[in-house]
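# Architecture and fold: a report
One letter stands for each residue in the lines below.
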Amino acid sequence: MHKTNVVLKFPQDFVGQLTTIQGEFPVGSEPARLAPYDMLLAALGSCFYATFLDIVEKMQLNYEQADIKLEGINRDEVPTTLQTVTIDFTLKGADSEQRAKYERASDLAGKYCSIYQTVSHVAEISVNLHLE
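Conventions adopted
Residues numbered from 1 in each chain as written. Predicted model: local features only at pLDDT ≥ 70, side-chain atom pairs only at ≥ 80, totals over all residues. Heavy atoms only, no water. Pairing = 2+ DSSP bridges. Helix = DSSP H or I, 4+ residues; strand = E, 2+ residues; numbered from the N terminus. Axes fitted to C-alpha atoms, helices over the stretch in contact; angles between N-to-C directions. Salt bridge = Lys/Arg side-chain N within 4 Å of Asp/Glu carboxyl O. Buried < 20%, exposed > 50% of the residue type's maximum accessible area, 1.4 Å probe, protein only. Expected span 1.5 Å × (residues − 1). Contact = heavy atoms within 4.5 Å.

Take the sheet that holds strand 2 (residues 15-20) next. Spatially, three strands are ordered 1-2-3 in an open sheet, and the strand pairing comes out antiparallel. Edge strands, defined here as strands with exactly one partner in the open sheet, are strand 1 (7-9) and strand 3 (23-28). Between one strand axis and the next, the sheet turns by 25° as a mean value, whatever way the strands run. In this sheet, strand 3 lies alongside strand 2 in antiparallel orientation, the contact comprising six bridges. Among the inter-strand pairings, Gln17 is bridged to a residue of strand 3, identified as Pro26.

Further remarks concern the pattern of salt bridges. Taken as a whole and assessed by the stated rule, the structure comprises three salt bridges. Note that Glu30 is salt-bridged to Arg33, the shortest N-O span being 3.9 Å. Residue Glu30 is classed as partly exposed on the basis of its relative accessible area, which comes to 43%. A salt bridge links Arg99 to Glu103; its shortest N-O distance comes to 2.9 Å. Of this pair, Arg99 and Glu103 both sit in helix 2 (residues 99-112), four residues apart, which is roughly one turn of the helix.

For the rest of this paragraph, the subject is helix 1 (residues 36-59). Owing to its 3.6 residues per turn, the α-helix brings residues three or four apart onto one side. End to end, helix 1 covers 35 Å across 24 residues, agreeing with the expected 34 Å (1.5 Å per residue, within 8%). Among the residues making up helix 1, those that are buried are Leu41, Leu44, Gly45, Cys47, Phe48, Thr51, Phe52, Ile55 and Val56. Looking at the buried residues of helix 1, the elements they touch are strand 4 (65-74), strand 5 (82-92), helix 2, helix 3 (114-119) and strand 6 (124-131). Looking at the residues trailing helix 1, positive phi occurs at Gln60, about 55°.

Now the structure itself:
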């Protein structure tokens, strides 16, 4: 079992501080601060990628760099949960002849990423894999 702890401190407005074992990060709706959905999408993207890394290592696939862009669209009705999430996943320096294997690794990353599975209970998630 894995346990995670974070601490959020706010004065009476929405300008606060997130503290984790890795450091402190500004939170809020002002510029240069992390908003709640910024953190949620970042958590989803980083979990998806960490899972993908484990899979491509086992599949012995190589590439130079991964770029991940996530876009979330919320429902209009309250509570305004995510309706859709699009993950644009670009692998630079990937062998295009191995596309089917990269697609399989991406599919498995979605299947085994715990945050992907959590978010998928409220939102439709699509992954667009691009090889460059």
